[in-house]
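Structural characterization, general
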Amino acid sequence: MNIINILALYAWTCGLLLSLCHGDTISIPSNCIGLSDGYYYLKLIDNDEYPIIYAKCSNEYLILDPSIDDDIKSYFNSFEMYHHSVAGPSNQYPINWEDWFFT
């Protein structure tokens, strides 16, 4: 994360904290539809079991990077890093994408 992203995150966090102190409600998006390219806090599932994650949106696509936020792994039923930038289900647990994500 470069210094500009860190400063943007700091400014966003400060604004969030000030809003919460004044009783305002902050909406956290659940996907990248309608969002500009960049990093966002997202709540993919409206359930307390799943955490808010920090992820990248690009052309309305969600890019999950566990090196940025380790909580991303909680959205998968198994998680194994095959390479520094490639992850997937455990080799002992053959599964398709639909069953691997959000279970």
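As the structure is a prediction and not an experimental result, all values here were calculated from the model. (Residues numbered from 1 in each chain as written. Predicted model: local features only at pLDDT ≥ 70, side-chain atom pairs only at ≥ 80, totals over all residues. Heavy atoms only, no water.)

1. Remarks on the pattern of salt bridges
We apply this condition: The rule for a salt bridge is simple: a side-chain nitrogen of Lys or Arg has to be within 4 Å of a carboxyl oxygen of Asp or Glu. Three labels apply to residues, based on accessible area from a 1.4 Å probe with only protein chains included: buried if under 20% of the type maximum, exposed if over 50%, partly exposed otherwise in between.
Throughout the structure, instances matching the rule amount to one salt bridge. Ionic pairing is found between K73 and D70, a salt bridge with its closest N-O pair at 3.1 Å. On the basis of relative accessible area, K73 is assigned to the partly exposed category, the value being 32%.

2. Concerning the state of the cysteines
This is how it is decided: Pairs of cysteine sulfur atoms within 2.5 Å are what we label disulfides. What counts as a helix is a DSSP run of H or I of at least four residues, what counts as a strand is a run of E of at least two, and both are numbered from the N terminus.
Using the criterion set out here, one finds one disulfide in the structure. Here C32 connects covalently by a disulfide to C57, the sulfurs 2.0 Å from one another. Where C32 bonds to C57 through sulfur, the torsion about that S-S bond is close to -75°, and the disulfide is left-handed. Of this pair, C32 sits in the loop between α1 (3-21) and β1 (38-42) while C57 is found in strand β2 (residues 53-58), placing the two residues 25 residues apart along the sequence. Under the relative-accessibility criterion, C57 is labelled buried at 0%.

3. Let's talk about the nonpolar core
What tends to happen in soluble globular proteins is that the nonpolar side chains get buried as a cluster. Just so we agree on the cut-off: Throughout this description, the term nonpolar core refers to a set of buried Ala, Val, Leu, Ile, Met, Phe, Trp, Tyr and Cys residues connected via side-chain atoms within 4.5 Å.
Counting 12 residues, the largest nonpolar core is built from C32, L42, L44, Y50, I53, A55, C57, I72, Y75, F76, W100 and F101. Among the elements that make up this core, the one with the highest residue count is β2 (three residues).

4. Concerning the packing of aromatic side chains
Definition in use: Between the rings of Phe, Tyr and Trp (Trp by its six-membered ring), a pair exists once the centres lie within 6.5 Å; its type follows the angle of the planes, with under 30 degrees stacked, over 60 edge-to-face, and the other angles tilted.
Taken as a whole and assessed by the stated rule, the structure comprises four aromatic pairs. The interplanar angle of 20° and the centroid separation of 5.6 Å between the aromatic rings of Y39 and Y54 together place this pair among those described as stacked. With Y39 in strand β1 and Y54 in strand β2, the pair connects residues that are 15 residues apart, well separated along the chain. Taking the centre distance of 5.0 Å and the plane angle of 25° together, the rings of Y50 and Y75 count as stacked. One end of the pair, Y50, is in the loop between β1 and β2; the other, Y75, is in the loop between β3 (61-63) and β4 (80-83), with 25 residues separating them in the sequence. When its relative accessible area of 12% is taken as the criterion, Y50 is described as buried. Judged by relative accessible area, Y75 falls into the buried class, the value being 0%. One aromatic cluster in this structure is built from Y39, Y41 and Y54.

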